[in-house]
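Here is what each chain is made of, one letter per residue.
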There are 2 protein chains.
Amino acid sequence: MKFESKIFMSGKEMEIEDLGQGVKRQLLGYNDEILMAKVWFEEGSEGYVHSHVHSQSSYVESGKFDVNIAGEIKTLVAGDAFYIPPHVSHGAVCKKAGVLIDVFSPIREDFLRGDKK
Amino acid sequence: MKFESKIFMSGKEMEIEDLGQGVKRQLLGYNDEILMAKVWFEEGSEGYVHSHVHSQSSYVESGKFDVNIAGEIKTLVAGDAFYIPPHVSHGAVCKKAGVLIDVFSPIREDFLRGDKK
């Protein structure tokens, strides 16, 4: 593996990156094949519509989100989930402050570089 | 892709599989490259030590777990995370009822078949 996270990770000790505009991100476990991230959204903040080569699977831990995938919008709450195939456009508007657990395959090298988008 | 989950998933509507011995599992988003699952553990239940070819990244949503990875045991609570490289032995004992969000790459075809282990 070219990239590997630590084996055990303390949520309280790991860095939380402020991406601006009400969004914060903490990288969890990763290697070349997979990357998990915890993302906090303030009410009204937004993950702008974009697409990428990675497969993405996400879980709503808390809050309320209008999730747009390929132009279809659904309101998701705690316990709901969504899947984004490679190259499919997607975005989310946070309607009530909350947390998403996002996972990508393969790794998001841009996240490791600290890119803000 | 050979396998793909639905795009939007309602936690309340999706099947929860009883794996026995205090463990239940709900499949979330997946395709050939990735599979996300939500796993409920009752206090005292156990994910027995095992290993697999898949990379695994996990997030502790709630509860308390003694997580064993390659023989090293750490107690993890809500907000903590762990990463398991391919082929590395791992297991967990639930010390306080809770939920793990587990992600694997590539897909766990055994989970789709409904295997109980």
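Calculation rules
Residues numbered from 1 in each chain as written. Chains lettered and ligands numbered in written order. Predicted model: local features only at pLDDT ≥ 70, side-chain atom pairs only at ≥ 80, totals over all residues. Heavy atoms only, no water. Helix = DSSP H or I, 4+ residues; strand = E, 2+ residues; numbered from the N terminus. Rg over C-alpha atoms; globule rule 2.2 N^0.38 Å. Buried < 20%, exposed > 50% of the residue type's maximum accessible area, 1.4 Å probe, protein only. Contact = heavy atoms within 4.5 Å. Areas by Shrake-Rupley, 256 points an atom, 1.4 Å probe, with all protein chains shown as cover. Core = buried A, V, L, I, M, F, W, Y, C linked by side-chain atoms within 4.5 Å. Polar contact = N/O pair within 3.5 Å; in protein donor to acceptor, adjacent residues only side chain to side chain. Buried area = accessible area lost by both parts, 1.4 Å probe. Salt bridge = Lys/Arg side-chain N within 4 Å of Asp/Glu carboxyl O. Nonpolar A, V, L, I, M, F, W, Y, C, P; charged D, E, K, R; others polar. Pairing = 2+ DSSP bridges.

Each helix and strand in chain A was counted, giving one helix and nine strands. Taken against the 2.2 N^0.38 rule, which gives 13 Å for 117 residues, the C-alpha radius of gyration of chain A at 14 Å falls within 12% of a compact globule. Judged by the C-alpha coordinates and their principal axes, chain A covers about 35 × 30 × 25 Å. Of all 117 residues assigned to chain A, the portion counted as buried reaches 52%. Of the contacts formed within chain A by residues at least 6 apart in sequence, a portion of 63% connects residues at least 24 apart. Accessible area for chain A stands at about 5400 Å²; split by element, carbon and sulfur atoms hold 50% of it.

This part takes up the nonpolar core. Ranked by internal contacts, the top residues of the largest apolar core, which has 22 residues, are Met36(A), Ile101(A), Val103(A), Met36(B), Ile101(B) and Val103(B). If you list the elements that add at least two residues to this core, you get β4 (34-41), β8 (81-84) and β9 (90-105) of chain A together with β4 (34-41), β8 (81-84) and β9 (90-105) of chain B.

Quick look at the side chain of His90(B) now. All names here are of chain B. Tracing the backbone through its elements, the reader meets His90 in strand β9. Engagement of the side chain of His90 in a polar contact is seen with the side chain of Gln56, the distance being 3.2 Å. Looking at His90, its side chain comes within polar contact range of the main-chain oxygen of Val88, at 2.9 Å. Those residues in contact with His90 that sit more than four places away from it in its chain are Tyr48, Val49, His50, Ser51, His52, Gln56, Asn68, Ile69 and Ile84.

Take the interface of chain B and chain A next. Facing 38 residues of chain B, the contacting portion of chain A comprises 38 residues. Buried surface at the junction of chain B and chain A, both sides included, amounts to about 3100 Å², of which 65% is carbon and sulfur. Ranking the residues of chain B by area buried against chain A places Phe8(B), Tyr59(B) and Tyr83(B) at the top, with a combined share of 24%. For the pair chain B and chain A, the number of links is zero salt bridges. One can count 20 residue pairs in polar contact (both at pLDDT 80 or more) joining chain B with chain A. Mapped by element, the contributors of at least two residues to the side of chain B that touches chain A are β1 (8-9), β3 (23-31), β4, β6 (55-69), β7 (72-77), β8 and β9 of chain B. Broken down by class, the residue content of the side of chain B that touches chain A amounts to 20 nonpolar, ten polar and eight charged. The sheet contact formed by β8(A) and β1(B) spans two bridges and is antiparallel. What sits directly across from Ala81(A), in β1(B), is Met9(B).

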